[in-house]
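# Structural overview
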Amino acid sequence: MKLQQRMNRRALTLGALAVSGALALTACGSDDTGASSDTSASTGSTSSIKCDDAKGQLLADGSSAQKNAIDAWVKQFSSACGVQINYKGGGSGAGVTAFTQGTVAFAGSDSALKPEEITASKAVCTGGQAVDLPMVGGPIAVGYNVPGVDKLVLDAETIAKIFDSKITNWNDDAIKALNPDATLPDLKIQAFHRSDESGTTDNFTKYLIAATPDNWKYEGGKAWQAKGGQSASGSSGVAAQVKQTSGAISYMELSYAKDGINAASLDTGAAAPVEATVDNATKAIADAKVVGTGSDLALQLNYTTKADGAYPITLVTYEIVCDKGNKAETLPATKAFLTYIASEDGQALLADAGYAPIPADIISKVRTTIAALS
């Protein structure tokens, strides 16, 4: 399919979003519940937000990868509409479970819903079912903390062996071969993975399965399967461990790779190693295909792209919501919030948060679906 390949370049550069499989719309609550619709903040203006009949409070849970995006959105939306959005950010697995149990108005996930999860959603979506709405994209950074090494190149095979405990020291010959000009220390590798069920884990391991199947024999999924290594909960958890641990490495949404954490570039077979940037993730997402049916807009990413400048370890976070049968008391606020974050202003707001926007032709379909929610 060529749908993603005809992306509007302007939309691609509007902002940066991720992630993530499915976007935990479960917003990280905002303390700002004022209702002024013309309030402006340093990150954007609320004057264009349409509150309609939005009121009250929304509960949500899901992807931690998109939490920084949700924070920015909630600040603006709550200021404009006076709606409190409490986003737990407990991970994609927790978000999907909470949604199918009917305890949240919407959820976020960095992986599209499985058939059995869609079936389960019919019990809470009266006369309808849950749908995947891609809202944020972005790179999954391979973040590391190695003293004296500010730039690092890795490839799929080396990454797989590191996270499968087959490469255990930073001066390993395989890493040296990829980094002939770096001074690699004789230092033990401390590999961290997610302890919670995570769409970030799902997308990271999908990349390894696709790019180096001989070196990654696991089935993949939201739960980590390889042996060895250490674990932490959430994107913030693994990032904190990498930041404070010399020799550490993990995978995390790009906005968490900061303050002492460097992101490795990838040798994909392209003309040059590819950095983990928003623009480079956008180039990879442009090669995705829509595989959902009807109003479901699940995407299939191409993890083996060798296009110049395309960073293949990406995720798309989906907002999960009922197409029909939403609760009457939460539907107006849910629609208003989703409408805002899918808008041009909503997408553009996140340029500084390390996320990549959804391509123009896809986000247009998302807006149409949101308008029809009932």
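Residues numbered from 1 in each chain as written. Predicted model: local features only at pLDDT ≥ 70, side-chain atom pairs only at ≥ 80, totals over all residues. Heavy atoms only, no water.

## Quick word on the environment of G354
Tracing the sequence through the fold places G354 in the loop between α11 (344-348) and α12 (360-371). For the pair G354 and E253, spaced 101 residues apart in sequence, the C-alpha separation works out to 8.3 Å. (Helix = DSSP H or I, 4+ residues; strand = E, 2+ residues; numbered from the N terminus.)

## What about the packing of aromatic side chains?
Following the criterion strictly, the structure yields 11 aromatic pairs and no others. Summarising the aromatic geometry, the rings of F163 and F204 are spaced 5.2 Å apart at their centres and angled 75 degrees between planes, so their arrangement reads as edge-to-face. Remark: F204 occurs in helix α7 (residues 199-211) and F163 occurs in helix α5 (residues 156-163); sequence separation between them is 41 residues. Pair check on accessibility: F163 and F204 agree, each one buried. With centroids separated by 4.9 Å and ring planes inclined at 65 degrees, the aromatic side chains of W216 and Y218 adopt a geometry described as edge-to-face. Here Y218 falls in the partly exposed class, since its relative accessible area comes to 23%. Ring-pair connections join several aromatic residues into one group, and the members of that group are F163, F204, W216, Y218, W224 and Y251. (Phe/Tyr/Trp six-rings, centres within 6.5 Å; stacked < 30°, edge-to-face > 60°. Buried < 20%, exposed > 50% of the residue type's maximum accessible area, 1.4 Å probe, protein only.)

## Topic: the pattern of salt bridges
Scanning all chains against the criterion turns up five salt bridges. Between K161 and E157 there is a salt bridge, with its nearest N and O atoms 2.9 Å apart. Here K161 pairs with E157, and both are found in helix α5, just four residues apart, close to one helical turn. In this structure E157 comes out as partly exposed when scored by relative accessible area, which is 37%. As a salt-bridge pair, K206 and D202 come within 3.7 Å of each other at their nearest N and O atoms. Of this pair, K206 and D202 both sit in helix α7, four residues apart, which is roughly one turn of that helix. Since its relative accessible area comes to 35%, K206 is described here as partly exposed. (Salt bridge = Lys/Arg side-chain N within 4 Å of Asp/Glu carboxyl O.)

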